[in-house]
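# Summary of structural features
Here is what each chain is made of, one letter per residue.
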Protein chains: 2
Amino acid sequence: MHKTLTALAVLAAAPLGAEDKPAAPLAPSEIVAAAPKADWSAIAATDLLVMDLAPDAKGKPRRVVIQLMPPPFSQGWVGNIRKLAAARFWDGLSVNRVQDNYVVQWGDADGDDKVKARKLPAGLVTVPESEYVTSIVAAPVGATPKTKPALANPQIFDIYVSQDGSDLLRGAGTSGFSMGWPLALLPVNPRKDNEDSDTDVTGRQVIASWPVHCYGMVGVGRNLSPDTGSGAELYTVIGHAPRHLDRNIAVVGRVIEGIEHLSSLPRGTEALGFYKAAKERTKIRSARMGNEVSGLPAYEFLSTESESFARYADARANRRDAFFIRPAGGADVCNIPVPVRRVK
Amino acid sequence: MHKTLTALAVLAAAPLGAEDKPAAPLAPSEIVAAAPKADWSAIAATDLLVMDLAPDAKGKPRRVVIQLMPPPFSQGWVGNIRKLAAARFWDGLSVNRVQDNYVVQWGDADGDDKVKARKLPAGLVTVPESEYVTSIVAAPVGATPKTKPALANPQIFDIYVSQDGSDLLRGAGTSGFSMGWPLALLPVNPRKDNEDSDTDVTGRQVIASWPVHCYGMVGVGRNLSPDTGSGAELYTVIGHAPRHLDRNIAVVGRVIEGIEHLSSLPRGTEALGFYKAAKERTKIRSARMGNEVSGLPAYEFLSTESESFARYADARANRRDAFFIRPAGGADVCNIPVPVRRVK
């Protein structure tokens, strides 16, 4: 499996799109600004969860817009979240936990109290732990990956992606991007007859994949295993990527606008950043699916399969714009945030 | 150099202290709590910069305590910072920039205005860019590293640590910890006569090293190269580690207490997170070296050369406490924050 690691490391380091690199070194933001309209993908309003917090001390509105994960990832929990929003579950509940360099969490502060807990809507499913990881089949090796999910460049050597916690070399994987999302990608050997193969008998790669805990990603709070959480209790990352949570909690989406309304909240002073007094909590006025919110802007993300994204990722890994004197030569998956914008 | 990469990857993945692993899996925080007193190292008050912001809206004091980098790292800038504190340079200045998932920056908001700029004290040195990286000599290979700086476990494969941006395999390096700090560690071949050697003729490893941009690390704002900044303009990281800044800006310390007073400030709405109006800025009441502050608690950090730290780092990379169902098998250097506490 040594060969596998080497191949992946080379991929991680290879300059992307070097053949048609622009003459003047552009900043990542300039590459994004120059991306043609065709490189942007619309986000359906039906895939947005719009959470309006109570206005701040100056009366300013605080809206947080969350994009939910697309299939095939975390769909059991995503379905629950749609039902919870339809049932107005979060209306009048609150942000209860703000832990510095970690997470902001919201939901029912009385959720563990059998008497006071808000009733969950009917029809929520219990999702098994096996759903933290999804098996995907990539295009045949050597073929142009036209089928979704295509695995966009770059594929990044990732210390958090391994088959077995005790040996990074065995089944070492990478992270990368597909369908607009940062994903862990771990080749699986599907052939019992040939342990050196990383393709199935038809030449397709089988890859275990899971969405990763980067800044702004949204996950599902849970109790101890085997509980996997319903989706009623959600959190978002407000610090350095807590990648140790990958494959341990469901990732269901990401904040695409308004994260500053969560990340700048006062930190809770109790254990794990919970607020001590109820009055410290921030009220949730409402949480609705995007198609229920009138006047909501349309959003789009830079397609991770586009040439613009490959250039952007390369520029994030190798800053050559005026401020920088030495490009890093690499970037971890969470240091390449997928650009999202309002449609003009 | 292929061999080097393999060796480093194995080091990164090897379970630390597996021989004497405790029977019950402890959480990282429990390992830290159980560390014997001898495993803690005192931080001299003379190495602390204590910045008191104006009280918050409720009149609560806001103190930020920064530990400065020890020799041999960034000492030109650290010396300047000592002089700036002695001259009361920051008193009455302000926090001027808060960019979400990036940095909080403070100093003279009129610093670029030749008329209004506050005068810098005499005696500040101009530090060359070469000082972003420091050469250190490690113990002979195979010897117990008694000499400082010893390189504590774990040594972590690090995508940001390479000799040359275009090829991770050439001179691929790791990150790790020494003297209480997270550092990049890049073996340098000191022998022109043997390009496969990674030791000098006496068997010592020569390593290029630099402090890395993790959450809470403090760096020196600068203008375009060849400017390296004086130390008058400082920032701290409040988001995912912006490792692309490594070797491009001087890292001079880290916030060891009170970072929430910076990370929870309202985000600036101008480009790069600068505040639009002067009234949005947060005033700095005073900034003093720790030995000038009466009643300051004593602080200590968990020695990164201690057995307790090795256990803690292993537990951060392989969470086995009750909440976790699957250990990651690795952690990046910024996901292993060095424990710091007040001395009881």
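Up top is the structure.
Residues numbered from 1 in each chain as written. Chains lettered and ligands numbered in written order. Predicted model: local features only at pLDDT ≥ 70, side-chain atom pairs only at ≥ 80, totals over all residues. Heavy atoms only, no water.

The subject of this paragraph is the overall build of chain A. The helix and strand tally for chain A stands at five helices and 16 strands. Per-residue burial for chain A yields a buried fraction of 56% across its 344 residues. Considering only contacts in chain A between residues 6 or more positions apart, those separated by 24 or more positions represent 72%. Just so you have it, chain A exposes about 14500 Å², and 54% of that area is on carbon and sulfur atoms. (Helix = DSSP H or I, 4+ residues; strand = E, 2+ residues; numbered from the N terminus. Buried < 20%, exposed > 50% of the residue type's maximum accessible area, 1.4 Å probe, protein only. Contact = heavy atoms within 4.5 Å. Areas by Shrake-Rupley, 256 points an atom, 1.4 Å probe, with all protein chains shown as cover.)

Residue and element names in this part refer to chain A. Burial along strand β12 (residues 234–237) is two-sided: Leu234 and Thr236 and Tyr235 and Val237, pointing in opposite directions, are all buried. Pairing of strand β5 (residues 103–107) with β12 involves four bridges; the strand directions are antiparallel. Considered in β12, the bridge of valine 103 is made with valine 237. Two elements, strand β11 (residues 217–220) and β12, share three bridges in a ladder whose sense is antiparallel. The residue of β12 that forms the bridge with glycine 219 is tyrosine 235. (Pairing = 2+ DSSP bridges.)

Here we come to the sheet that holds strand β4 (residues 94–98) of chain B. Read around the closed barrel, the eight strands follow the order β2-β3-β13-β11-β12-β5-β4-β14 (chain B); overall the barrel is antiparallel. Here the strands of the sheet are splayed against their neighbours by 35° on average, with no regard to which way each runs. (Axes fitted to C-alpha atoms, helices over the stretch in contact; angles between N-to-C directions.)

Our focus in this paragraph is the packing of aromatic side chains. The geometry of an aromatic ring pair comes down to the distance between the two centres and the angle between the two planes. Using the criterion set out here, one finds 11 aromatic pairs over all chains in the structure. Between phenylalanine 157 of chain A and phenylalanine 157 of chain B the ring centres are 4.2 Å apart and the planes differ by 50°, which places this aromatic pair in the tilted class. Taken together, the residues phenylalanine 157 of chain A in strand β7 (residues 152–157) and phenylalanine 157 of chain B in strand β7 (residues 152–157) connect one chain to another. A single burial state applies to phenylalanine 157 of chain A and to phenylalanine 157 of chain B, both of which are buried. Taken together, a centroid distance of 5.7 Å and an interplanar angle of 50° make the contact between phenylalanine 309 of chain B and tyrosine 312 of chain B tilted. Linking phenylalanine 309 of chain B with tyrosine 312 of chain B, this pair stays in helix α5 (residues 307–317), spanning three residues, or about one helical turn. Taking relative accessible area as the criterion, tyrosine 312 of chain B reaches 6% and is therefore assigned buried. A connected cluster of aromatic rings, assembled from ring pairs, spans Phe177, Phe309 and Tyr312 of chain A. If you follow arginine 254 of chain A out to its NZ or CZ, it ends over the ring of tryptophan 181 of chain A, 3.8 Å from the centre. (Phe/Tyr/Trp six-rings, centres within 6.5 Å; stacked < 30°, edge-to-face > 60°. Lys NZ or Arg CZ within 6 Å of the ring centre and 35° of its normal.)

Counting through the fold element by element, histidine 240 of chain B comes out in the loop between β12 (234–237) and β13 (251–257). On the basis of relative accessible area, histidine 240 of chain B is assigned to the buried category, the value being 5%. Of note is the side chain of histidine 240 of chain B, whose polar atom sits 3.2 Å from the side chain of histidine 240 of chain A. Setting aside chain neighbours within four positions, we find histidine 240 of chain B in contact with Tyr215, Gly239, His240, Ala241, Asp332, Cys334 and Asn335 of chain A together with Asn101 of chain B. (Polar contact = N/O pair within 3.5 Å; in protein donor to acceptor, adjacent residues only side chain to side chain.)

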